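# Structural overview for review
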Amino acid sequence: MKNSFKILRIQGNDIERFKELIELLNEVFKEPNKVASERQLKKLLNKPDFYVIAAIQEDKVIGGLTAYELERYYTDKSELYIYDIAVKTELHNKGIGKKLVDYIKDYSTKNGIEEIFVEAHSEDEQAVKFYESAFGKSEKVDHFNFEINYPQQRM
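Everything in this summary refers to the structure shown in the same document. Just so you know, these numbers come straight off a predicted model, no measurement behind them.

## Topic: the environment of serine 78
Locating serine 78 in the fold gives a position in strand β4 (residues 78-87). Spatially, the C-alpha atom of serine 78 lies 14 Å from that of isoleucine 104, the residues being 26 residues apart in sequence. Setting aside its immediate chain neighbours within four residues, serine 78 contacts Glu69, Leu70, Glu71, Arg72, Gly112, Ile113, Glu114 and Glu115. Here glutamate 69 takes part through its side chain, which lies 2.6 Å from a polar atom of the side chain of serine 78.

## Looking at the sheet that holds strand β1 (residues 6-9)
Strands sit in the order β1-β2-β3-β4-β5 across an open sheet of five strands; the sheet is mixed. In the strand order of this sheet, the two ends are held by β1 and β5 (113-118), each with one partner. Strand-to-strand, the axes of this sheet are offset by a mean angle of 25°, without reference to chain direction. Across eight bridges, strand β3 (residues 60-70) lies against β4 in antiparallel orientation. When the sheet's bridge partners are listed, tyrosine 68 is paired in β4 with tyrosine 81. Against the sheet, helix α3 (residues 96-110) touches β1, β2 (50-57), β3, β4 and β5, its axis set at about 165° to β4.

## Remarks on the pattern of salt bridges
Counting across every chain of the model gives nine salt bridges. For lysine 88, the salt bridge identified is with glutamate 27, shortest N-O distance 4.0 Å. Residue lysine 88 is located in the loop between β4 and α3, and its partner glutamate 27 is located in helix α1 (residues 15-29); the two are separated by 61 residues in the primary sequence. By relative accessible area, which is 45% here, glutamate 27 ends up partly exposed. A salt bridge links lysine 110 to aspartate 106; the nearest nitrogen and oxygen atoms lie 3.0 Å apart. Note that lysine 110 and aspartate 106 are positioned in helix α3 at a spacing of four residues, about one turn of the helix. Three or more residues joined by partner-sharing salt bridges are found here, namely Arg72, Glu79, Glu114 and Glu115.

## Notes on the environment of glutamate 79
Of note, glutamate 79 is situated in strand β4. Remark: the alpha-carbon pair of glutamate 79 and phenylalanine 146, spanning 67 residues in sequence, is separated by 23 Å. Residues within four places of glutamate 79 in sequence aside, it is in contact with Tyr68, Glu69, Leu70, Arg72, Ile113, Glu115 and Phe117.

## What to know about helix α2 (residues 38-45)
Leu41, Leu44 and Leu45 are the residues of α2 that are buried. Looking straight down α2, one finds its buried side chains confined to an arc of 95°; they lie on one side. Residues of α2 that are buried make contact with α1, β2 and β3.

## Regarding the nonpolar core
Core analysis: the largest hydrophobic core is formed by 20 residues, its most contacted members being Leu65, Leu80, Ile82, Ile85, Ile96, Leu100 and Ile104. Mapped onto this core, the elements with two or more residues apiece are β2, β3, β4, α3, β5 and α4 (125-135). Core analysis: the next-biggest nonpolar cluster, separate from the first, contains 17 residues, Leu41, Phe50, Ile56 and Ala86 among them.

## A word on the pairing of β5
Bridge count for β4 against β5 is five bridges, and the pairing is parallel. Considered in β5, the bridge of isoleucine 82 is made with valine 118.

## Some details on a nonpolar patch on the surface
Taken together, the side chains of Phe146, Ile148 and Tyr150 present a nonpolar region at the surface, about 440 Å² in accessible area. For phenylalanine 146, the position within the fold is in the segment after α4.

Rules and cut-offs
Residues numbered from 1 in each chain as written. Predicted model: local features only at pLDDT ≥ 70, side-chain atom pairs only at ≥ 80, totals over all residues. Heavy atoms only, no water. Helix = DSSP H or I, 4+ residues; strand = E, 2+ residues; numbered from the N terminus. Contact = heavy atoms within 4.5 Å. Polar contact = N/O pair within 3.5 Å; in protein donor to acceptor, adjacent residues only side chain to side chain. Pairing = 2+ DSSP bridges. Axes fitted to C-alpha atoms, helices over the stretch in contact; angles between N-to-C directions. Salt bridge = Lys/Arg side-chain N within 4 Å of Asp/Glu carboxyl O. Buried < 20%, exposed > 50% of the residue type's maximum accessible area, 1.4 Å probe, protein only. Arc of directions from axis to C-beta. Core = buried A, V, L, I, M, F, W, Y, C linked by side-chain atoms within 4.5 Å. Patch = residues over 30% accessible without salt bridge, like charges linked within 9 Å, V, L, I, M, F, W, Y side chains within 5 Å. Areas by Shrake-Rupley, 256 points an atom, 1.4 Å probe, with all protein chains shown as cover.

Quick look at the structure:
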């Protein structure tokens, strides 16, 4: 396998490549997540404040990240939340994740994004180590989830 790959932003109607990244995320995270409808994926890809960045090698997605730009009210500059980032397991430690982060850092610098943040579970030592090398020192926070339980529809 060649070491060359390119980093690009997936946008518009490139739903198949977005699906390929989602399947990679599910594989790497070992999660049985489903893929949303094509309507939802297209809606996301056409939002200017949603980012899908992919590492492509030989026309295959080998890594990528998704992120949301968040407008702020304390400043005119926004911040970017990296929602997911993953690289094919067999390609870990080859600089692909770092290149994805460098791409989003460069984009942010050029487009008025003042800060980038990402969350990692403390017990995920590999992720924590990667983020420390890519971003620097971590900040301890408490994260709370409130799950919405919708009533089941009757058939």
